[in-house]
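What follows is each chain in one-letter form.
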Amino acid sequence: MTPAERRLAAAHLAVALAALFGGVVTGFLQALEHAGVDLYPALAPVVRSYYHGLTLHGVLNVLVYTTFFIAGFLPLIAARALGRPLASIRLGWAAFAVMAAGLGLAVVPLLGNAATVMFTFYPPLKAHGAFYVGLTLVVVGTWLITLNLALGCRAWRRDHPDARTPLAAFMALATMAMWTIASLGIAAELLLMLIPWSLGLLAGTDALLARVLFWFTGHPIVYFWLLPAYLSWYTLVPRQAGGKLFSDPLARTSFILFLVLSTPLGFHHQYVDPGIHRGWKLLHAFLTFAVFFPSLLTFFNVVASLESGARARGGRGWVAWFGRLPWGDPSLAAQVLAMLLFTFGGVGGLINASYNLNLVVHNTAWIPGHLHLTVGTAVTLTFMGITYWLVPHLSGRALWSRRLALVQAWLWFAGMLVFSNALHRLGLMGLPRRTMVGAAAYALPEWKAVLPLVGVGGTVLFASALLYFLNLVLTVVASRAPAPEPPGFAEALSGPEHAPAILDRWRPWLVLAGVLIAIAYGPTLIGLALTTPLTSPGYRVW
Ligand code: HAS
Ligand code: CU
């Protein structure tokens, strides 16, 4: 990796981590509020209400932190896997500049309480136009990254016409290609509905059409967050565990399935929305079960790879080998702990997807319980594990304290067990999500018995996050030892030469993805576009 590439990655990472910091502080406030400690009056005018804090929490964590981390991480990994510099470092900086400009625009109304519309920004809630324009620029910036990766892979292909694309580069491009298709929904919502509306060019809006476009992107965005974590689990973690990747072709298959299946299933967020025929909702339910499958492939492949590492280190037995993983390595420990909790997040996802069970959990605290196991742990704790080698690599300085990092990862795991379990249970008792529960006159006694656990779990998570930031800051400013080599890519027991050539082609899969999307979304979107009058006024309810 050239110094220029490292600077580019470091710039992205700095923005990502600053956003995460804002995200965990606001999250802590929410957890305390649920436990009966309302700190918001003391925080005005910085955070003006529970809902202002909640919007900051969602936007900073799942839109800014994730996107900037991924935009820094994937090009770096792809360049390393291909063994050649990024196709264009200038294009890389251009993407960063567009994304950073967008963030700069969006953050002003966000901080100023003029965009307190949650990370889903459903109309008819109406934010300041700069918020929508800013988000659009962030999305456009990510498209430039896709372009850069595609150019890099194409140049590599010219030099290696018959070889398989190195797995990590293939996965990086598959992730960005999937995201680029998926992001068309949100781009259409922003460009055709929200921006003209906020500028006064359109008199009104429509909640349903906007929600359909939003969830076109809003579901696959979760795989945009997840797949870079999977990339690490497949291509780096097996080596960190002292073993080999079980199967390279199976890993490629899983990513191809994500490329094809991630988008045509957003209606599982809209089972209760009127105006979408239930037949289409059912199709999206079935497709959701289909996209569960590549995660099952991942489960199998990654566990088998971990097992090969643990056995090489002397592990025995059917389950006992698990203890023989190199648990003293914080980067590995964080990621394996992330996997463990993701297993429960995945099971919960299946419950969400089950059309009729969804009626029980929809819009309850169960959903934040689910999303904190998935994006809040599978992704975040994995990204934390990655930074335990990436920040030393980018700064040239060894991690300040490995022990502190281990404590941090276990605290996240323990805090999240308490926190997400409490939220799941509260959801089943009907506690609504996105609600300032402490101020709810209708709070039930059985909620009050469990709500303190939300505060306890949230506090442990916050402590973990503080240790994380402390360690990274001290690494950059105070660590004296030189950084060790970053983890290398894992070899595979069944290598890329076993992968059929079709798994290394893009066109057929992109076409298939397009066809499935046209079937799953076409009729509903065309129908809505033809019949929806944009008549709803905007509301500022905060
Ligand atoms: Fe989800 C709502 C369904 C995965 C994030 N999801 C959300 C929301 C977020 C989110 C943020 O069908 C809320 C959005 C909002 O604000 O309204 N989700 C699923 C399904 C999956 C799933 C079927 N979700 C994710 C991931 C996310 C994420 C990943 C973020 C990164 N979700 C839903 C549905 C809703 C929903 C409905 C709407 C609910 C509603 O009513 O609003 C699946 O993709 C999950 C597949 C996962 C697995 C687990 C595989 C496990 C692995 C780990 C291996 C473990 C190892 C450890 C190696 C099948 C790969 C060793 C272990 C040993 C045992 C030795
Ligand atoms: Cu979804």
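Residues numbered from 1 in each chain as written. Chains lettered and ligands numbered in written order. Predicted model: local features only at pLDDT ≥ 70, side-chain atom pairs only at ≥ 80, totals over all residues. Heavy atoms only, no water.

Caption draft 1: Spatial organisation of empty space enclosed by the protein. Overall, the coordinates contain three cavities of 30 Å³ or more when judged by the stated rule. Within this model, the largest cavity holds a volume of roughly 200 Å³. Lining the largest cavity are 17 residues, and of these Leu63, Thr67, Leu135, Val138 and Val139 lie nearest its centre. For the lining of the largest cavity, the elements supplying multiple residues, two or more each, are α3 (50-82), α4 (89-111), α5 (129-159) and α7 (184-198). Element by element, the count of residues in the lining of the largest cavity is highest for α5, at five residues. Split into classes, the residues belonging to the lining of the largest cavity amount to 15 nonpolar, two polar and no charged. Considered as a void within the structure, the second largest cavity measures approximately 100 Å³ in volume. What lines the second largest cavity is a set of 13 residues, and nearest its centre among them are Leu8, Ala71, Gly72, Pro75 and Leu86. (1 Å grid on protein atoms, 1.4 Å probe; cavity = no way out; pocket = protein on both sides within 12 Å on 5 of 7 lines; lining within 4 Å. Points joined across faces, edges and corners; volume = space filled by probe spheres on them. Helix = DSSP H or I, 4+ residues; strand = E, 2+ residues; numbered from the N terminus. Nonpolar A, V, L, I, M, F, W, Y, C, P; charged D, E, K, R; others polar.)

Caption draft 2: Broad picture of unusual backbone geometry. Omega for the peptide link from Ala44 to Pro45 comes to 5 degrees, which places this bond in the cis form. With respect to the helices and strands, Pro45 occurs in the loop between α2 (40-43) and α3. Following Pro123, the chain continues into Pro124 via a peptide bond in cis, with omega recorded as 10 degrees. With respect to the secondary-structure elements, Pro124 resides in the loop between α4 and α5. At Met118, a position not held by glycine, the phi torsion is positive, near 65 degrees. Assignment of secondary structure puts Met118 in the loop between α4 and α5. The exposure class of Met118 is buried, given its relative accessible area of 10%. (Buried < 20%, exposed > 50% of the residue type's maximum accessible area, 1.4 Å probe, protein only.)

Function cannot be read off these values alone, since they describe shape.
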